[in-house]
Amino acid sequence: ETGVTQTPRHLVMGMTNKKSLKCEQHLGHNAMYWYKQSAKKPLELMFVYSLEERVENNSVPSRFSPECPNSSHLFLHLHTLQPEDSALYLCASSVDFATNEKLFFGSGTQLSVL
Amino acid sequence: GDSVTQMEGPVTLSEEAFLTINCTYTATGYPSLFWYVQYPGEGLQLLLKATKADDKGSNKGFEATYRKETTSFHLEKGSVQVSDSAVYFCALSDEGGSYIPTFGRGTSLIVHP
């Protein structure tokens, strides 16, 4: 148990659906991250939030929309996704942004887009 | 920009065999280097790190040495166990990238009894 919880663990959605991924951390961390993990590709950074402000948006298509209502919760809202968006979506947190501290990861949401 | 290159997997070994997973990096500054491990069905967790040249990170029998001259950070273990079966990610972070880790593609390790 790393202290970072992601729900749901698995999600299957059609290309016209709207769904949301949820991430929660109770570590008292100030920075939260979304990464995309696809087979045989490097882990891709999507978004970074520090103290609820977005500090990094790594050229992610607008069909992915993040939300950070407080420092413990992070959402990724999904709409009109494409089959190539099928992947494992990982949430992570760290004590602060722009420090050399390790990341704590959740177990991920395995997303399949039909 | 920064990048990390890892050897292709899967790496398949018998129990008690010697393990090496190669990692090389490109960075503009003086990065810190990390190995993360992802066990089946779990997220990544930090295995070890090294913050400057010639440092050796070690944990759970794994070790890696920061080699600035060859820009490498190879992961080694003298005797692997079945429980070491996982995906291993090499990563770097530096000031130029706001210390956000840049990861490689991961190398899958399968250890047979």
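Residues numbered from 1 in each chain as written. Chains lettered and ligands numbered in written order. Predicted model: local features only at pLDDT ≥ 70, side-chain atom pairs only at ≥ 80, totals over all residues. Heavy atoms only, no water.

Enquirer: Outline the overall build of chain B, supporting the account with residue identities and numerical values.
Expert: What chain B contains, in helices and strands, is zero helices and twelve strands. In chain B, the succession of helices and strands from N to C terminus is β-β-β-β-β-β-β-β-β-β-β-β. Taking the principal axes of its C-alpha atoms as reference, chain B extends roughly 45 × 30 × 20 Å. Counting every atom, chain B has about 5200 Å² of accessible surface; 47% of that belongs to carbon and sulfur. Where the 8 positive side-chain charges of chain B centre and where its 13 negative ones centre are 4 Å apart. (Helix = DSSP H or I, 4+ residues; strand = E, 2+ residues; numbered from the N terminus. Areas by Shrake-Rupley, 256 points an atom, 1.4 Å probe, with all protein chains shown as cover. Lys, Arg positive; Asp, Glu negative; His and termini not counted. Charge placed at Lys NZ, Arg CZ, Asp CG, Glu CD.)

Enquirer: Before we move on, could you go through the pattern of salt bridges and cite the residues and values that matter?
Expert: For side chains bearing opposite charge, pairing can occur when the charged atoms are close. This structure, assessed with the given rule, holds seven salt bridges over all chains. The residue A:Glu44 makes a salt bridge to A:Lys41 at a minimum N-O spacing of 4.0 Å. For A:Lys41, a relative accessible area of 42% translates into the label partly exposed. A salt bridge links B:Lys77 to B:Asp84; the shortest N-O distance between them is 2.8 Å. Summarising the burial analysis for this pair, B:Lys77 and B:Asp84 share the class buried. (Salt bridge = Lys/Arg side-chain N within 4 Å of Asp/Glu carboxyl O. Buried < 20%, exposed > 50% of the residue type's maximum accessible area, 1.4 Å probe, protein only.)

Enquirer: Before we move on, could you go through the layout of surface pockets and cite the residues and values that matter?
Expert: Put simply, the largest pocket is a space of about 470 Å³. Around the largest pocket, the lining is made up of 26 residues, and of these A:Gln37, A:Ala39, B:Gln38, B:Val87 and B:Phe89 lie nearest the centre. In terms of residues, the lining of the largest pocket owes the most to one element, strand β10 (residues 86-93) of chain B, which gives three residues. Considering only residue class, the lining of the largest pocket consists of eight nonpolar, twelve polar and six charged. Taken as a whole, the second largest pocket spans an internal volume of roughly 260 Å³. Lining the second largest pocket we find 16 residues, and of these A:Leu43, A:Leu45, A:Asn58, B:Pro101 and B:Thr102 sit closest to its centre. Mapped by element, the contributors of at least two residues to the lining of the second largest pocket are β5 (44-50) of chain A together with β1 (3-6) and β11 (102-103) of chain B. Residue composition of the lining of the second largest pocket, by class: eight nonpolar, five polar and three charged. (1 Å grid on protein atoms, 1.4 Å probe; cavity = no way out; pocket = protein on both sides within 12 Å on 5 of 7 lines; lining within 4 Å. Points joined across faces, edges and corners; volume = space filled by probe spheres on them. Nonpolar A, V, L, I, M, F, W, Y, C, P; charged D, E, K, R; others polar.)

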